[in-house]
Amino acid sequence: MQIPKISFLLPLAVAGALTLHAAPAAKPEKAKPVASAEVDPYTEVQPATETLDLTAYQRIRDEGLNHSHVMDFATALMDGIGPRLTGSPNLKKANEWTRDTLTKIGLENAHLEDWGEFGLGWQQVNTWARMVTPDTAILIVQATPWSPSSPGPVIGDVVFVKIDSEKDFDTYKGKLAGKVVLFGAMREVPPVDKSLFERYTDKELEELAEFPVSARSDSGITPEMQARLQARMQRLRLIDKIASFFAEEKVAAVIEPSRDGKNGGGSGGTLFDDNGATLGRTPYLADKRVKIPVAVAAIESYGRLYRLTEAHVPVTVEINVETKFTGEHEHGFDTVAEIPGTDPALKAQVVMVGGHLDSWIAGTGATDNGAGSVVAMEVVRIFKALDIKPRRTIRIALWTGEEQGIFGSKGYVTQHFGSAATSTAPDQMQLPEFMRRSTGPLTVKPEQKLISGYFNIDNGTGKVRGIYTQGNYAIAPIFAQWMAPLKDLGVTTVTNRNTGGTDHLSFDAVGIPGFQFIQDDMDYESRTHHSNDDTVERLQPADLKQIATVEAIFVYNAAMRDKMLPRKPLPQPELEEQKRKPLEGIMPGAVPPPAPPAR
């Protein structure tokens, strides 16, 4: 989900004010003997000019670009372990493998942190389907996450079901037992007449840095987005009833059509398999579990079945959905490890780097977000390979539960840094937890003041082109100076826009600087995001080297500078609703509304 954005561009011309030196990277700079626990990061005065260690830049670039091991990590994680659905046995393997691998490359205190109960443990064992009549044909399908198994292969007549309102249930009552139900409108399949693989142009980067102004509703989002959310929530409420109806009718299985991707990328056998293709909002909860086998089909497979049924041709399908549940109360864990700081005055302070380790099931989770995880691992490997002694502690965290609502990072932030209560208003309770409005007040813990910043990668395999400041205007000129020596790597843009939908939001919500990088789109939105194409073949090794190198330099600079990164004012979520209220008493000639009649 994208949240409202703000933007501001700082050209790299400020690089003319840089002070550069070539001190050996291994020698920590001296700092004033200030007790880190007494530092208030909201009041620190920042230097106008950054002191950059270009020798460190050169060493990190050489290691990251010429001696990279990022693809070693990638093939081990994606090919060796595979898809990593939250709560699944594969995610447990990934947690343990990342913990053990980080220990092997020299990090300290590598461990798993429990962020709480998630729900059902589940894995897909095998799913297949074929048309039996009027012709034989192989169908491209996968089980939707947390679907139960069918009782072995089952054959059923195919029927298309359309339920848009409560009254539509009567049309199908008593008619679906043993049927294979096609559920979902047959969408358009446009020709692929645009590239599925895109990089930002200079013009697009300039536009990304422009300040977008849009009308907002009282809730703080555009009226158009509010209308879409309301329509979606109404549909989801109906979906819960539809799922129960299908179970009561004893249908054999449900087949849903895969959604499309950007520029028509959801065709050619590509299918997307996530919570958007299942009968329920939270099928990972035991009391909300799906009770009938559900599969999602590539649009070409679904289309043939749909057109035959619309032409009143009898169609039968054989389908076998084989899945396994591994527990009802599985917990989620984050992988955490550190490179301890060496400066007596600063080592208690922390710079964090990470990405989310969990994925969906259709592919092996390579671009979403294996790429961000292995890049973070490569960042800390680079530091250990160069024997860099950071002044501040560098901490890597690989989150889980991101795909269901940034659960892992939110749980970690709540346990360590602080939290604010979320709204319990009826309209808000219909939204996923991570989308609910905070009502505050924000309560922070002592550790919150010790985190200088968090850097995140979660936009696929495309190289870094810049960074979102998340509305942190004070940090924009700092980042512009850090990026000046990286212009030849294509890193040029600082924008004060917000960007949403991933784990840096958990930090931003409690007043800690959290950042997501601008990345080239590649085929992320068109072809790989949550799809069966999200595999190692879609990773771009040269881009991953560049990402790891750039992120390592950002983390290095944050860990070595005298001051912590500047912060925005501490969030006050309890005041947001009041700030959005219309002004009262300003309309000339207005009279008080009449009192309601007495009952």
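Every residue gets a number counted from 1 within its own chain, in the order that chain's sequence is written. Per-residue local features of the predicted model are confined to residues with pLDDT of at least 70, and side-chain atom pairs are confined, for both listing and counting, to 80 or more; whole-chain, interface and lining totals are unaffected and use all residues. Water and hydrogen atoms play no part in the side-chain values, which are based on all heavy atoms of the structure.

### Remarks on the overall build of the protein
Along its length, the protein carries 16 helices and 18 strands. Relative to the compact-globule value of 25 Å for 599 residues, the protein shows a C-alpha radius of gyration of 26 Å, a close match. Dimensions of the protein along its principal axes, counting C-alpha atoms only, are 80 × 70 × 45 Å. Sequence separation of at least 24 residues holds for 86% of the intrachain contacts in the protein that already meet a minimum separation of 6. The numbering of helices and of strands both runs from the N terminus, where a helix is a DSSP run of H or I of at least 4 residues and a strand a run of E of at least 2. Throughout, radius of gyration means the C-alpha value; the globule benchmark is 2.2 Å times the number of residues raised to the power 0.38. For this analysis, residues touch if any pair of their heavy atoms sits within 4.5 Å.

### Topic: the packing of helix α12 (residues 476–483) against helix α15 (residues 541–560)
Where helices are involved, their axes are fitted lines through C-alpha atoms of the stretch in contact, as for all axes, and angles between N-to-C directions lie from 0 to 180°. Their axes nearest at 11 Å, the elements α12 and α15 cross at an angle of 120 degrees. Overall, the two elements α12 and α15 adopt an arrangement that is oblique. Considering only the axes of α12 and α15, their crossing is right-handed. Contacts between α12 and α15 pair Phe479, Trp482 and Met483 from the former with Phe554, Asn557 and Ala558 from the latter. Here the contact of α12 with α15 is composed, by residue class, of five nonpolar, one polar and no charged. An angle counts as roughly parallel when it lies under 35 degrees, as roughly antiparallel when it exceeds 145, as roughly perpendicular when it falls between 65 and 115, and as oblique in every other case. Left-handed is the label given to a crossing in which the near helix is rotated counterclockwise from the far helix by less than a right angle, and right-handed is the label when the rotation is clockwise. Side-chain classes are defined by residue name, with Ala, Val, Leu, Ile, Met, Phe, Trp, Tyr, Cys and Pro counting as nonpolar, Asp, Glu, Lys and Arg as charged, and the others, Gly among them, as polar.

### Focus on unusual backbone geometry
With glycine set apart, most residues show a phi of negative sign, and most peptide bonds adopt trans. With an omega of 5 degrees, the peptide bond running from threonine 133 to proline 134 counts as cis. As for its position among the elements, proline 134 is in the loop between β3 (108–133) and β4 (137–139). At the junction of glycine 440 and proline 441, the peptide bond is cis and its omega measures out at -5 degrees in the coordinates. Phi at tryptophan 146 takes a positive value of approximately 70 degrees, unusual for a residue other than glycine. Relative to the helices and strands, tryptophan 146 resides in the loop between β5 (141–143) and β6 (154–161). Under the relative-accessibility criterion, tryptophan 146 is labelled buried at 0%. For the exposure calls, accessible area comes from a 1.4 Å probe over protein chains only, and a residue counts as buried if that area is under 20% of its type's maximum, exposed if over 50%, partly exposed in between.

### Here's the deal with a nonpolar patch on the surface
Among the surface-exposed residues, Phe211, Val213 and Tyr473 lie close enough to one another that they form a single nonpolar patch of about 360 Å² accessible area. With respect to the secondary-structure elements, valine 213 resides in the loop between α5 (202–208) and α6 (223–249). Only residues whose relative accessible area exceeds 30% and that form no salt bridge are eligible for patches; like-charged ones are grouped when within 9 Å, while nonpolar side chains (Val, Leu, Ile, Met, Phe, Trp, Tyr) are grouped when within 5 Å. Here the Shrake-Rupley method, with its probe set to 1.4 Å, supplies the accessible areas, and only the displayed protein chains count as covering residues. Any carboxyl oxygen of Asp or Glu within 4 Å of a side-chain nitrogen of Lys or Arg constitutes a salt bridge here.

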